Structure formats: C-alpha cells, structure tokens
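Residue-level structural notes
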Amino acid sequence: GQIAGECDTPGGPTNTTFWPNPTTVQNLGTLGGCNSTATALNDDAIAVSYSDTVSVGKTSAAIWKAQQIADLNLLLQPSSPAQQNCVGPARRTPE
C-alpha cells in the first residue's frame with residue numbers, strides 16, 4: 001500500500017513524504033516554510049497535512065495531489081475563527 005507521513009531532511013526540517021510503494025520515496029516539500037507533516041492519505045493518493053508557510057510562525061492546512069500542493073487556508077475568510085486559529089506557533093488545521 002501507499003504511505004504518507006514525514007521524513008527529516010538532511011538540513012534538519014521535516015517534510016511531508018509519500019511512499020507510493022515500498023522502494024520509492026517522494027519528498028513533497030512545504031508551503032514555503034521549514035516543516036510539513038502529512039496527517040491523512042486516501043485511496044486516490046491525496047494527502048492532507050499541515051505545513052509551515054513563508055510567513056514566520058504561520059502554519060496552514062495543505063493538500064497534495066499528483067505532487068502538487070495547495071494551501072487550504074486560502075479558502076477561508078481572513079476574519080473566520082478557523083483562520084485565526086492557524087496563526088502562531090501552534091499547529092492547527094481549520095475546523
């Protein structure tokens with residue numbers, strides 16, 4: 001089966017990682033920040049995660065499909081409570 005999770009990179013940050021089979025590893029990267037971690041993977045190989053962004057101290061929900069990343073927090077209204085919870089050192093996903 002396929003696995004999504006995290007793997008330390010040589011420089012120290014942790015990146016979302018996808019294993020489509022036991023012998024292949026793909027580093028999926030981040031939304032521009034240092035770290036990301038997959039939290040779920042479905043049967044269509046779509047992974048969801050949280051990822052640091054280029055804005056220091058901000059973590060966003062992310063989705064990976066076919067090695068393309070999208071920031072799910074961009075779908076939220078800036079004033080929404082879920083968006084407010086995603087700013088800061090705590091790693092939270094939208095409610």
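All of these numbers come straight from a predicted model, not from anything done at the bench.

Our focus in this paragraph is the sheet that holds strand E4 (residues 32–41). Strand order in the open sheet made by the 4 strands is E4-E5-E6-E7, with antiparallel pairing throughout. The open sheet has two free edges, formed respectively by E4 and strand E7 (68–71), since each of these has just one partner strand. Within this sheet the neighbouring strands show an average axis-to-axis angle of 30°, counted without direction.

Secondary-structure assignment places Gly-32 in strand E4. Put simply, Gly-32 and Ser-51 are 19 residues apart on the chain and 8.3 Å apart in space, counted from C-alpha to C-alpha. Apart from the residues lying within four places of it in its own chain, the contact partners of Gly-32 are Asp-52, Thr-53 and Val-54.

Let's shift gears to the pairing of strand E6 (residues 59–65). Taken across its 7 residues, E6 has 5 buried, putting it largely inside the fold. Strand direction decides the pairing type here: strand E5 (residues 47–53) and E6, joined by 6 bridges, are antiparallel. When the sheet's bridge partners are listed, Asp-52 is paired in E6 with Thr-59. Pairing of E6 with E7, which is carried by 4 bridges, proceeds in the antiparallel orientation. Directly across from Ala-62, in E7, lies its bridge partner Asp-71. Counting the residues that bridge the hairpin from E6 to E7 gives 2 residues, and of these Ala-66 lies at a positive phi of roughly 50°.

A positive phi is found at Ala-45, a non-glycine position, where the angle reads about 65°. Relative to the elements of secondary structure, Ala-45 occurs in the loop between E4 and E5. For Ala-45, a relative accessible area of 23% gives the class partly exposed.

Attention now moves to the pairing of E5. Along E5, 6 of the 7 residues are buried, which leaves the element largely enclosed by surrounding structure. As paired elements, E4 and E5 share 6 bridges and run antiparallel to each other. Bridging across to E5, Leu-41 finds its partner in Ala-47. In textbook terms, the turn of a hairpin is the stretch between consecutive antiparallel strands, and for E4 and E5 this stretch comprises 5 residues, one of which, Ala-45, has a positive phi near 65°. Connecting E5 to the next strand, E6, in antiparallel fashion are 5 residues, including Gly-57 with a positive phi near 85°.

Here we take up the sheet that holds strand E3 (residues 24–29). The strand order across the open sheet built from 3 strands is E1-E2-E3, with neighbouring strands paired in antiparallel fashion. The strands lining the two open edges of the sheet, one partner per strand, are strand E1 (3–8) and E3. Adjacent strand axes in the sheet meet at a mean angle of 40° when their direction is disregarded. Pairing analysis gives 4 bridges linking strand E2 (residues 14–21) to E3, with the strands arranged antiparallel. Following the sheet pairing, Thr-17 is matched in E3 by Asn-27.

Rules behind the numbers
- Residues numbered from 1 in each chain as written.
- Predicted model: local features only at pLDDT ≥ 70, side-chain atom pairs only at ≥ 80, totals over all residues.
- Heavy atoms only, no water.
- Pairing = 2+ DSSP bridges.
- Helix = DSSP H or I, 4+ residues; strand = E, 2+ residues; numbered from the N terminus.
- Axes fitted to C-alpha atoms, helices over the stretch in contact; angles between N-to-C directions.
- Contact = heavy atoms within 4.5 Å.
- Buried < 20%, exposed > 50% of the residue type's maximum accessible area, 1.4 Å probe, protein only.

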